[in-house]
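Structural characterization, general
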Amino acid sequence: MRLGVLDIGSNTVHLLLVDAYPGARPAAFASHKRPLALVSFLDDAGAINEQGQRELVDFVQEASRFAKRHRAADLLAFCTSAIREAANGQAVLDRVVEQTGVTLTELTGEQEAGMTYHAVRRWFGWGAETILDLDIGGGSFEMAIGTDDFPAAARSVPLGAGRLTRERLPGDPPGTRDLKTLRAYVRETLSEPVAELAAFGTPTLVAGTSKTFRSLARITGAAPSAEGPYVKRVLRYADLKLWTHRLAAMTAGQRAELPGVSEVRAPQLLAGAVVAEAAMAAFGIKSLRICPWALREGLILRRFDHLMFDGPLPLGSSVGVGQVELGQRPGVPAVDVNE
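Read on for an overview of the structure.

Thresholds, definitions, all that
Residues numbered from 1 in each chain as written. Predicted model: local features only at pLDDT ≥ 70, side-chain atom pairs only at ≥ 80, totals over all residues. Heavy atoms only, no water. Salt bridge = Lys/Arg side-chain N within 4 Å of Asp/Glu carboxyl O. Helix = DSSP H or I, 4+ residues; strand = E, 2+ residues; numbered from the N terminus. Buried < 20%, exposed > 50% of the residue type's maximum accessible area, 1.4 Å probe, protein only. 1 Å grid on protein atoms, 1.4 Å probe; cavity = no way out; pocket = protein on both sides within 12 Å on 5 of 7 lines; lining within 4 Å. Points joined across faces, edges and corners; volume = space filled by probe spheres on them. Nonpolar A, V, L, I, M, F, W, Y, C, P; charged D, E, K, R; others polar. Pairing = 2+ DSSP bridges. Axes fitted to C-alpha atoms, helices over the stretch in contact; angles between N-to-C directions. Contact = heavy atoms within 4.5 Å. Polar contact = N/O pair within 3.5 Å; in protein donor to acceptor, adjacent residues only side chain to side chain. Phe/Tyr/Trp six-rings, centres within 6.5 Å; stacked < 30°, edge-to-face > 60°. Lys NZ or Arg CZ within 6 Å of the ring centre and 35° of its normal.

Our focus in this paragraph is the pattern of salt bridges. If you walk through the whole model with that rule in mind, you get 14 salt bridges. Among the salt bridges present, the one from Arg296 reaches Asp7, with a minimum N-O distance of 2.8 Å. Taken together, the positions of Arg296 in helix α11 (residues 295–310) and Asp7 in strand β1 (residues 2–8) put the pair 289 residues apart, joining distant regions of the chain. Assessed through its relative accessible area of 12%, Asp7 is described here as buried. Across the pair Asp58 and Arg34 runs a salt bridge, and its minimum N-O distance is 3.1 Å. With Asp58 in helix α1 (residues 50–69) and Arg34 in strand β3 (residues 27–35), this residue pair connects regions lying 24 residues apart in the sequence. One salt-bridge network, held together by shared partners, links Arg34, Glu55, Asp58 and Glu62.

This is how it looks when you write it as structure tokens:
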């Protein structure tokens, strides 16, 4: 079946269509996205203003038409901290349903952390044993640790790269005092959740998910995205610490010229680096692996697990199921269609 996953994030709104069957890895068919930082539309009361709501409704309508045109049989639509923490978040969700017919499921921070960990576990497999996953979003920072398919503990804190840039790094480049204050705030915010997760033992594998971690790994020497998702990519603490100091001296425009850094995300890369550095130091991490799967893939995998175990498909008929029926070869790269 073809499944659509609509992700309303803090920096972008993204529809991903995947072809998959129960038990299979998601095979991307098409991608449709738009940069839309909903947090930039917040008013003084912390509510998403009229323009931001219109932009959101417009994209959801556009995404819904795109999914139907490409014969998606199911649509998972979710939102994270950008709407979750807005003063009028529920009113915005109600408006989206009324004007588009699409219900956006509001995920909690812990649900984000748990489903992202789930994707990481599936990517690295049981051989990874205890996994610690770190995910830096635009509005929040998620951490999860465990040995099973879902984490034993998961936490979310308000240390998103976009949020910290807006609230605590006003300069371009930022001032020394602002940066010092930010570092202290990040360390203080991390102290309690890090202690909670550390109580579950030393991880065998530490993973970093999200565009921020991928960009940080790229500027410190990891392979470019053009080499595909299966290339091993590592972010080392020593390299990150050096590059955090370099990023602090750069303007957003200069950061955008670095490999793997987009113009949209360049302004918040420094804040993301500060969070990554502080988290790795707090957990005593010398290096982490970059995982190409994250929240979207976790939700997709969970959805197909339900089809496998709750649907009419007999478990004894699982060898080669779906490939002939779909007529789709798993692993076909996505078509990036932005109209």
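Next comes the rest of the write-up.
The subject of this paragraph is empty space enclosed by the protein. Across all of its chains, the model carries one cavity of 30 Å³ or more by this definition. Taken as a whole, the largest cavity holds about 40 Å³ of empty space. Along the walls of the largest cavity sit Lys211, Thr212, Ser215, Val261, Arg265, Gln268 and Leu269, which together make up its complete lining. Considering every element that reaches the lining of the largest cavity, the biggest residue donor is helix α7 (residues 211–219), with three residues. Grouping the constituent residues of the lining of the largest cavity by class yields two nonpolar, three polar and two charged.

Okay, the sheet that holds strand β11 (residues 287–290) next. The strand order across the open sheet formed by six strands is β8-β7-β6-β9-β11-β10, and the pairing between neighbours is mixed. Only two strands of the sheet have a single partner each, and these edge strands are β8 (153–157) and β10 (234–236). Each strand axis lies, on average, 25° off the axis of its neighbour in the sheet, ignoring direction. Bridge count for strand β6 (residues 131–136) against strand β9 (residues 205–209) is five bridges, and the pairing is parallel. Its bridge partner being in β9, Leu134 is matched across the sheet by Gly208. Along the sheet, helix α10 (residues 269–283) contacts β6, β7 (141–146), β10 and β11; its crossing angle with β6, the most-contacted strand, is approximately 160°.

The next subject is the environment of Thr116. Within the element layout of this structure, Thr116 appears in helix α4 (residues 109–124). Along the sequence, Thr116 and Ala294 sit 178 residues apart, while their C-alpha atoms lie 4.7 Å from each other. Residues in contact with Thr116, not counting those within four places in the same chain, are Asp133, Asp135, Thr209, Ala294 and Leu295.

With respect to the secondary-structure elements, Thr165 resides in helix α5 (residues 161–168). Under the relative-accessibility criterion, Thr165 is labelled buried at 15%. From its side chain, Thr165 meets the backbone oxygen of Ala161 in a polar contact 2.7 Å long. When residues no more than four places from it in sequence are discounted, the contact partners of Thr165 are Pro170, Pro267, Gln268 and Ala271.

Moving on, we get to the packing of aromatic side chains. This structure, assessed with the given rule, holds two aromatic pairs. Judged by centre distance (5.4 Å) and plane angle (10°), the rings of Trp123 and Tyr230 are stacked. Placement of the pair is Trp123 in helix α4 and Tyr230 in the loop between α7 and β10, with a sequence separation of 107 residues. Taking the relative accessible area as the measure of exposure, Tyr230 reaches 60% and is therefore exposed. Between the aromatic rings of Trp123 and Trp293, the centroid separation amounts to 5.1 Å while the plane-to-plane angle is 65°, which identifies the pairing as edge-to-face. Residue Trp123 is located in helix α4, and its partner Trp293 is located in the loop between β11 and α11; the two are separated by 170 residues in the primary sequence. According to the relative accessible area criterion, Trp123 is partly exposed, its value standing at 22%. If you follow Arg168 out to its NZ or CZ, it ends over the ring of Tyr185, 3.6 Å from the centre. The ring of Trp243 carries Arg246 above its face, with NZ or CZ at 4.7 Å from the centroid.

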